[in-house]
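# Notes for the structure review
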Amino acid sequence: MPTQLHPETQAIHVGIPDLGGARPLNTPLYQTANFGYDNPEDLAEAINSPASFAYLRNSNPTVRALEDAVSALEGAAASLATSSGMGAIHTVLHTLLGSGDHIIVQKHLYGGTFALLRDLSARYGVDVTYIDGRDAAEVAEALRPTTKVLYLETLSNPTAQVTDLPAFFAAGRTAGLTGVVD
Ligand SMILES: Cc1ncc(COP(=O)(O)O)c(C=O)c1O
C-alpha cells in the first residue's frame, strides 16, 4: 500500500482486489458514477462512444448486461433499460413525437400514460386519438397525414383488455406508423 496517500484517498482507492485472472460467474453490480482511463484521450473517446463506459447515467456494465440479455431473449436489434415503466414510456413518446404530430392510442390505458398524453397534448400540441382496440380497421379510420405512432398495451391496465397486437400493428405498418407496445 503506498504510504504517501492521504487516509481519505486510501479509504476509497486502496483495497480493490486484483482478481488474478478469476472472473465472476454472475455480473457484478457496478456501483460507480464515473469510469477512469489511463489518459484523457481514451476518456474523451469513451465519452463519445455509445459502446464504451465513461459516466453511469449514459452507460453502465450492469445495465448493459440486462439490455443485451433482453435483446437476446426477444430477438431484438437493441434494448434500452430505464429505471421505471413511466421512464420508458416518457422516453419513447418524447423521442417519437413532436409538436403537431398525431398518435393513435388504445383507450383502455394505464393512468400514468393517460396523464402523460394529456400533458403532451396540452403543453406540446401533440394530437391524440383514442380507439377501442377491438377492430384493427380502427387504425385506418383514425389516420391523419400527421399520424406518427400507434400505441397499445399488451394487457391493458386496469381493464385487462387483450388487444390483437399482430393485427393492429400490421395495420399500423401499412400506414407507415411506428408501433409502441407497453
Ligand atoms: C401498463 C403499465 N404501464 C406502465 C406502468 C408504470 O410503471 P412504473 O410504475 O414502473 O413507472 C404501469 C404500472 O403499474 C402499468 O401497469
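This section reports on the structure supplied with the text. (Residues numbered from 1 in each chain as written. Predicted model: local features only at pLDDT ≥ 70, side-chain atom pairs only at ≥ 80, totals over all residues. Heavy atoms only, no water.)

### Details of helix 7 (residues 165-174)
Listed as buried for helix 7 are Leu-165, Phe-168, Phe-169 and Gly-172. Buried residues along helix 7 cover an arc of 90° about the axis, so they all sit on one side. Projecting away from the buried face of helix 7 at angles above 90 degrees are the exposed residues Pro-166 and Thr-174. Against the buried residues of helix 7 lie strand 2 (127-131), helix 6 (137-142), strand 3 (147-152) and strand 4 (178-181). (Buried < 20%, exposed > 50% of the residue type's maximum accessible area, 1.4 Å probe, protein only. Helix = DSSP H or I, 4+ residues; strand = E, 2+ residues; numbered from the N terminus. Arc of directions from axis to C-beta. Contact = heavy atoms within 4.5 Å.)

### Section: the packing of helix 4 (residues 85-96) against helix 5 (residues 111-124)
Taken N-terminus to C-terminus, the directions of helix 4 and helix 5 make an angle of 30°; their axes are 11 Å apart at the nearest point. Accordingly, the angle class assigned to the pair helix 4 and helix 5 is roughly parallel. Remark: the crossing between helix 4 and helix 5 carries right-handed chirality. Packed against helix 4, whose contacting residues are Met-86, Ile-89, His-90, Leu-93 and His-94, the element helix 5 presents Gly-112, Thr-113, Leu-116, Leu-117, Leu-120 and Tyr-124 at the interface. Here the contact of helix 4 with helix 5 is built from residues that sort into seven nonpolar, four polar and no charged. (Axes fitted to C-alpha atoms, helices over the stretch in contact; angles between N-to-C directions. Parallel < 35°, antiparallel > 145°, perpendicular 65-115°, else oblique. Left-handed = near helix turned anticlockwise from the far one by under 90°. Nonpolar A, V, L, I, M, F, W, Y, C, P; charged D, E, K, R; others polar.)

### Looking at the packing of aromatic side chains
Under the counting rule described, the total for this entry stands at two aromatic pairs. Look at Phe-35 and Phe-53: their rings are 5.8 Å apart centre to centre, the planes differ by 40°, and that puts the pair in the tilted class. Linking Phe-35 in the loop between helix 1 (7-13) and helix 2 (40-47) with Phe-53 in the loop between helix 2 and helix 3 (61-74), this pair joins segments that are 18 residues apart in sequence. On the basis of relative accessible area, Phe-35 is assigned to the buried category, the value being 17%. Both rings, one in Phe-114 and one in Tyr-130, keep their centres 5.7 Å apart while their planes meet at 40°; by these two values the pair is tilted. (Phe/Tyr/Trp six-rings, centres within 6.5 Å; stacked < 30°, edge-to-face > 60°.)

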